[in-house]
Amino acid sequence: MAMICSFGKSMYSIVGHLTDTSQALSIAIPALQHVSQHRQLTPWATEAGGQLFGTLNAAQICVTEATGPYAGDGRSKYRYRSNPAAAQRAIEDRHKRGLLYLGEWHTHAEDEPSASGLDDAAMRRLIASSQLNSNALLMMIVGRAPSATGLAVWSVSSEAARRWILSTNLEET
Ligand SMILES: [Zn+2]
């Protein structure tokens, strides 16, 4: 009874699952295209990032859109921080269109990304400081390798960070 997010005309997506829950994660092609165009493919590229949006229920998380980077972000080769005002505007604007704020993404200058201690700390701070409906947020890190290989996604709560097992999905539509 696998439920699949409906992404309209986009056929390919990346799907994920966790070992201990039946909730599924799907990331739509437009969101993947948005983040992958900011991959750090040159030695001098700085980290980019932004926010993730979509829908959420007990069965599935559907990431339909990614925003950022923004003017005024803090960016270096090994660090990214969204301009807080721009991120807030993105969240309010998507909210008006019925899209939930689901979490954050940023790039890493490595092929297959891993989370740094800094990333964990930043996510925990974000969860502690925000008044969210959910007690967990997605953290997506975009490495240099294409497709699911270069992608790492965690669900981060105040208690733990759980990594999603990702694979490429071809929807039969
Ligand atoms: Zn990072």
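In this report, the structure presented in the accompanying data block is examined. None of these values were measured; they are calculated from a predicted model.

1. A closer look at the pattern of salt bridges
- The full count for this structure, using the stated rule, is six salt bridges.
- The salt bridge involving Asp20 is made with Arg162; its shortest N-O contact spans 2.8 Å. On the criterion of sequence distance, the pair formed by Asp20 in the loop between β1 (12–17) and β2 (24–28) and Arg162 in strand β10 (residues 161–163) is long-range, its members being 142 residues apart.
- The exposure class of Asp20 is exposed, given its relative accessible area of 51%.

2. Details of the coordination of the zinc ion
- At 2.0 to 2.3 Å from the zinc ion lie its protein donor atoms, namely His106 (NE2), His108 (NE2), Asp119 (OD) and Asp119 (OD).
- Coordination at the zinc ion comes from four donor atoms whose angles at the metal span 56 to 149°, giving a geometry best classed as irregular.
- Considered as a linear motif, the donors of the zinc ion on their single chain read H-x1-H-x10-D.
- Exposure remark for His108: the relative accessible area of 7% places this residue in the buried category.

3. Side note on the side chain of Glu47
- Inspection of the secondary structure assignment puts Glu47 in the loop between α1 (29–36) and β3 (49–56).
- We note that Glu47 is buried and unpaired, the nearest opposite charge coming from Arg79 at a distance of 8.0 Å.
- A polar side-chain atom of Glu47 sits 3.5 Å from the main-chain amide nitrogen of Arg79.

4. Quick notes on the packing of aromatic side chains
- In the structure shown here, the tally under the stated rule is one aromatic pair.
- In this structure, Arg94 packs its charged tip against the face of Phe53, placed 5.6 Å from the ring centre.

5. Details of the environment of Gly150
- Along the chain, the position of Gly150 falls in the loop between β8 (136–142) and β9 (151–157).
- The class of Gly150 is buried, set by a relative accessible area of 1%.
- Between the alpha carbons of Gly150 and His108 there is a distance of 9.6 Å; along the sequence they are 42 residues apart.
- Setting aside residues up to four positions removed in sequence, Gly150 forms contacts with Asp111, Pro113, Ile141, Val142, Gly143 and Ala145.

6. A look at the state of the cysteines
- Under the defined criterion, the tally for this structure stands at one disulfide.
- Each disulfide pairs two cysteine sulfurs, and for Cys5 the partner residue is Cys62, the sulfurs being separated by 2.1 Å. As the torsion about the S-S bond is roughly -85°, the Cys5-Cys62 disulfide counts as left-handed. One end of the pair, Cys5, is in the segment before β1; the other, Cys62, is in strand β4 (residues 60–67), and 57 residues separate them in sequence.

7. Re the pairing of strand β7 (residues 100–107)
- Among the eight residues of β7, seven are classified as buried, and the element is accordingly described as predominantly covered.
- Bridge count between β3 and β7: six bridges; the pairing is antiparallel. Within β7, the position partnered with Gly54 by the bridge is Leu100.
- Direction of pairing for β7 relative to β8: parallel, over a ladder of five bridges. Among the inter-strand pairings, His106 is bridged to a residue of β8, identified as Ile141.

Conventions and cut-offs
Along each chain, residues carry numbers from 1 onward, in the same order as the chain's sequence is written. Thresholds applied to this predicted model are a pLDDT of at least 70 for local features of residues and 80 or more for the giving and counting of side-chain atom pairs; totals over whole chains, interfaces and linings are not thresholded and use all residues. Processing note: side-chain calculations cover all non-hydrogen atoms of the structure and skip hydrogens and water entirely. When a carboxyl oxygen of Asp or Glu lies within 4 Å of a side-chain nitrogen of Lys or Arg, that pair is called a salt bridge. Labels follow the DSSP assignment, with helices taken as runs of H or I lasting at least four residues and strands as runs of E lasting at least two, numbered in each case from the N terminus. Partly exposed describes any residue whose relative accessible area lies between the buried limit of under 20% and the exposed limit of over 50%, with all areas from a 1.4 Å probe on protein chains only and scaled to the type maximum. Think of the donor list as every N, O and S atom within 2.8 Å of the metal, or within 3.2 Å for Na, K and Ca; water never makes the list, so a site can look incomplete. Irregular is the default label, applied whenever a site is not tetrahedral (four donors, all angles between 85 and 135 degrees) and neither square planar nor octahedral (four or six donors, opposite donors over 155 degrees apart, all other angles between 65 and 115). Working convention for charge: Lys and Arg count positive, Asp and Glu count negative, and His plus the chain ends are omitted. Here a polar contact is taken to be a pair of N or O atoms separated by no more than 3.5 Å, where protein atoms must pair a possible hydrogen donor with a possible acceptor and residues adjacent in sequence count only if both atoms sit in side chains. Pairing of aromatic rings covers Phe, Tyr and the six-membered ring of Trp, with a centre-to-centre limit of 6.5 Å; geometry is then stacked below 30 degrees between planes, edge-to-face above 60, and tilted otherwise. Counted as over-ring charges are cases with an Arg CZ or a Lys NZ within 6 Å of the ring centre that also lie within 35 degrees of the ring normal. Whether two residues are in contact is decided by their heavy atoms: any pair within 4.5 Å suffices. The term disulfide is used for any two cysteine sulfur atoms that are within 2.5 Å. Whether two strands pair comes down to DSSP finding at least two bridges between them.

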